[in-house]
Amino acid sequence: MNDDSGGNTGRARFQALCQSLRPDLVRFAFWLSRDRALAEDVVQETLLRAWKARDSLKDETAAKPWFLTIVRREYARSFERKRLVTVDVDELIAKEEPMLAASQDQELAELRAALFKLPEEYREPLVMQVLMGCSTAEIAAELNLSPAAVLTRLFRGRKQLRALCGEDTSQDPE
Amino acid sequence: MIDCSQYRRAILANPHDTDVELAAHRDSCGECAAYTERLLRFEGKLERALRVQAPDAAKGGMVTALRPRHTPVARKWLALAASVLLGGGIAGALWLAAPHTSLAADVVAHMAGEPQAWTRTDVPVPAPELDFVLRNTHMRLLPDAGLVSYAQSCLFRGHRVPHLVVQTDMGPVTVMVLVHESVSKPTAFDEHGYRGTLLPVAGHGSIAVLAKDQSGNLAAVESVASRVRAAIDWTG
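Everything numeric here is computed off the predicted structure, so don't read it as measured data.

### Concerning the overall build of chain A
When helices and strands are tallied, chain A shows nine helices and zero strands. Secondary structure of chain A in N-to-C order comes out as α-α-α-α-α-α-α-α-α. Looking at the 174 residues of chain A, the share that counts as buried comes to 45%.

Structure, rendered in C-alpha cells:
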C-alpha cells in the first residue's frame, strides 16, 4: 500500500485495515494453532511484518489473502522456534476451555471441541472458507492445492465434523 | 443432470455454492432440499463457533495491535485478568443459552460475536474493504449514510449478510442488511442492552438497525434507520 506524499493517509488507511482484519486473523490463528496465547503472538508478529512490508500490498482488495499468507508463515515459524511437539487433543481442549465455552452455549462448546479434534488438513480449509470467507480458488492458492483437492478436503472435513458433533450423517455421501 | 450423491457431495464442500445445476437439483428433490436446510442450520452454528471472542485492538489501534510480546509472567496475569473478565461476562452472556426465535433476537444474538465493532471512531473502513463486503449484494451505500467504521460479511440465518457500523451523533450504530428476511412493518425492539428497529425494504427484505441502549432513545435509532435505508442504493 503506497503512502501519499505526506504518508499520513496511507498509514492511517493501513492502520484501519489492520484494525478491521485483526479480530478474524486472531481467530484464524487460534483455530490453526488451537492455542490462544500463541495465536495472539502469531498475529502480533504478522502485523509487525505486514507494517514493514506494507508497500508490497499494492491492492487493498487483496489484503485478506496477503495477511493470511503472513499468518500462516508466522505460525510455521513458531513451530521452528518453539519446536512444538504433538500433544493430546483433550489436553488442548482442557487448556483452552475458557475460550471454547465462552458463550455458555453447550452446543457451541461441543462444536468448538469437535473443531479441535478435526485434523489440520481439514480444519484449515474449513476455517478459511467459513470464517475468512475465502473462495475455493483462494484456498487452493494459499494451500498450494488444486481446487478439486480443496473441495475434497472441505467435503471430508464437514462430514467428519458433523459426525463428531453427533449430527445425523446417514444421508451423507461416501 | 447430477444425482443426489453428487449434489450432497458438492453442497457439503460448499453449502453456499450458487451453481445453477445444484439449484436445479435442489428444486426438484425434496430430500436434498431438506438435507440442505439441515446443513445450513449446522453451518450457522459452525460460523458462530468459529467466531471466538477476539481481543479488541481497535481502541488502541496499532499501539495495541503491535504491543510488546508478553513475558510468560505477564501472560499469566493477563490470563488471570481475562478469566476474571470472562467470569464477569458470563452472567451477561447467559441469555445466549436460551432458545431464540424472533428475527430481532437473532440480530441481537449476533452482536455478541463482534464486540469489537462497537468502537466510537472517525476512521472509516477502507473503501475496498467495504466494497468486498458489499460484493454480490446488489447494493451500495451512499455517503449520506454516514461514516462506516466497520464492515464484515457475516453468516446470518444461513445467508451471508453485510454487517456494518455507522458512526452517528449518538455513537456507533449497527446496520445489518437482511435481503432474505422480510418484515411487514417497522418493528422496534429493546432487549439485552440493545435498542433497534427492523425496517421493511420493498423488494429487498429488511434492514436491522440497532444501538447500545445507553447511546440514545428509540426515536433517535429510528431516525438513523430511516436515513440509512434512504442511503442504500439498490443496483439489482
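The structure having been displayed, the exposition proceeds.
### Structural notes on unusual backbone geometry
All names here are of chain A. Phi at Arg-34 takes a positive value of approximately 60°, unusual for a residue other than glycine. Mapped onto the elements of the fold, Arg-34 is located in the loop between helix H1 (8-33) and helix H2 (36-52). With 22 C-beta atoms packed within 10 Å, Arg-34 lands in the buried category.

### Let's talk about H2(A)
Between the first and last C-alpha of H2(A) there are 25 Å, a value that for 17 residues agrees with the 24 Å anticipated at 1.5 Å per step. If you check which residues of H2(A) are buried, you get A:Arg36, A:Ala39, A:Glu40, A:Asp41, A:Val42, A:Val43, A:Gln44, A:Glu45, A:Thr46, A:Leu47 and A:Ala50.

### Details of the confidence of the model for chain A
Per-residue confidence for chain A averages 84 on the pLDDT scale, and 87% of its residues sit at or above 70. Considering only residues more than four positions removed or in separate chains, one finds that residues 2-6 of chain A, a stretch of pLDDT under 50, has six contacts.

### Overview of the packing of helix H9 (residues 147-164) of chain A against helix H1 (residues 4-13) of chain B
In a packed pair of helices, the relevant descriptors are the angle between the two axes and the axis-to-axis distance. Viewed as axis vectors pointing N to C, H9(A) and H1(B) meet at an angle of 90°, and their least axial separation amounts to 7 Å. Considering their axes alone, H9(A) and H1(B) lie roughly perpendicular with respect to each other. Together, A:Leu151, A:Leu154, A:Phe155, A:Arg158 and A:Lys159 of H9(A) and B:Arg9, B:Leu12 and B:Ala13 of H1(B) make up the contact between the two elements. Its residues assigned to classes, the contact of H9(A) with H1(B) comprises five nonpolar, no polar and three charged.

### Brief notes about the nonpolar core
Most often, soluble globular proteins keep nonpolar side chains buried together rather than apart. By size, the foremost hydrophobic cluster in this structure holds 93 residues, and its most contacted members are A:Phe28, A:Ala29, A:Val71 and B:Val209. Looking at which element gives the most residues to this core, the answer is H1(A), with 12 residues. Once residues lying within four places of it in the same chain are set aside, the contact partners of A:Phe28 are A:Leu68, A:Val71, A:Val127, A:Leu131 and A:Met132.

### Quick look at the packing of helix H7 (residues 120-130) of chain A against H9(A)
Residue and element names in this part refer to chain A. Look at H7 against H9: their axes get within 8 Å of each other, and the N-to-C directions meet at 100°. Here H7 lies roughly perpendicular to H9, going by the angle between them. Contact with H7, carried on its side by Glu-121, Tyr-122, Arg-123, Pro-125, Leu-126 and Gln-129, involves Val-150, Arg-153, Leu-154, Arg-156, Gly-157, Arg-158 and Gln-160 of H9 and no other residues of that element. A class-by-class count of the residues in the contact of H7 with H9 yields five nonpolar, three polar and five charged.

### Structural notes on the pairing of strand S5 (residues 187-191) of chain B
Residues and elements named next belong to chain B. Pairing analysis gives five bridges linking S5 to strand S6 (residues 194-200), with the strands arranged antiparallel. Following the sheet pairing, Thr-187 is matched in S6 by Leu-198. As consecutive antiparallel partners, S5 and S6 are separated by two residues, and within that stretch His-192 has a phi angle of approximately 50°, a positive value.

### Points about the sheet that holds S5(B)
Residues and elements named next belong to chain B. The strand order across the open sheet built from six strands is S2-S3-S4-S7-S6-S5, with neighbouring strands paired in antiparallel fashion. Unpaired on one side and paired on the other, strand S2 (147-156) and S5 mark the two borders of the sheet. Each strand axis lies, on average, 20° off the axis of its neighbour in the sheet, ignoring direction.

Rules and cut-offs
Throughout, residues of each chain are indexed from 1 in the direction in which the sequence is written. Written order determines the labels here, with chains lettered from A and ligands numbered from 1. Local features in this predicted model are restricted to residues of pLDDT 70 or higher, and side-chain atom pairs are both shown and tallied only at a pLDDT of 80 or more, whereas totals for entire chains, interfaces and linings draw on every residue. Strands here are runs of E lasting at least two residues and helices are runs of H or I lasting at least four, both read from the DSSP assignment and numbered beginning at the N terminus. Exposed residues have 12 or fewer other C-beta atoms within 10 Å of their own C-beta, buried residues have 20 or more, and residues in between are partly exposed; the C-beta atoms are placed from the backbone. Helix span, expected: 1.5 Å multiplied by one less than the number of residues in the helix. pLDDT expresses, on a scale from 0 to 100, how confident the predictor is about each individual residue. Residues are treated as contacting if the C-beta atoms built from their backbones sit within 7 Å of each other. Under this scheme, a helix contributes an axis fitted over its contacting stretch, all axes are lines through C-alpha atoms, and angles between N-to-C directions fall in the 0 to 180 degree range. Working definition: roughly parallel below 35 degrees, roughly antiparallel above 145 degrees, roughly perpendicular at 65 to 115 degrees, and oblique for all remaining angles. Classes in brief: Ala, Val, Leu, Ile, Met, Phe, Trp, Tyr, Cys and Pro nonpolar; Asp, Glu, Lys and Arg charged; the others, Gly included, polar. Remark: nonpolar core denotes a set of buried Ala, Val, Leu, Ile, Met, Phe, Trp, Tyr and Cys residues whose joining runs through C-beta atoms within 7 Å. Criterion used throughout: strands pair if DSSP finds at least two bridges between them.

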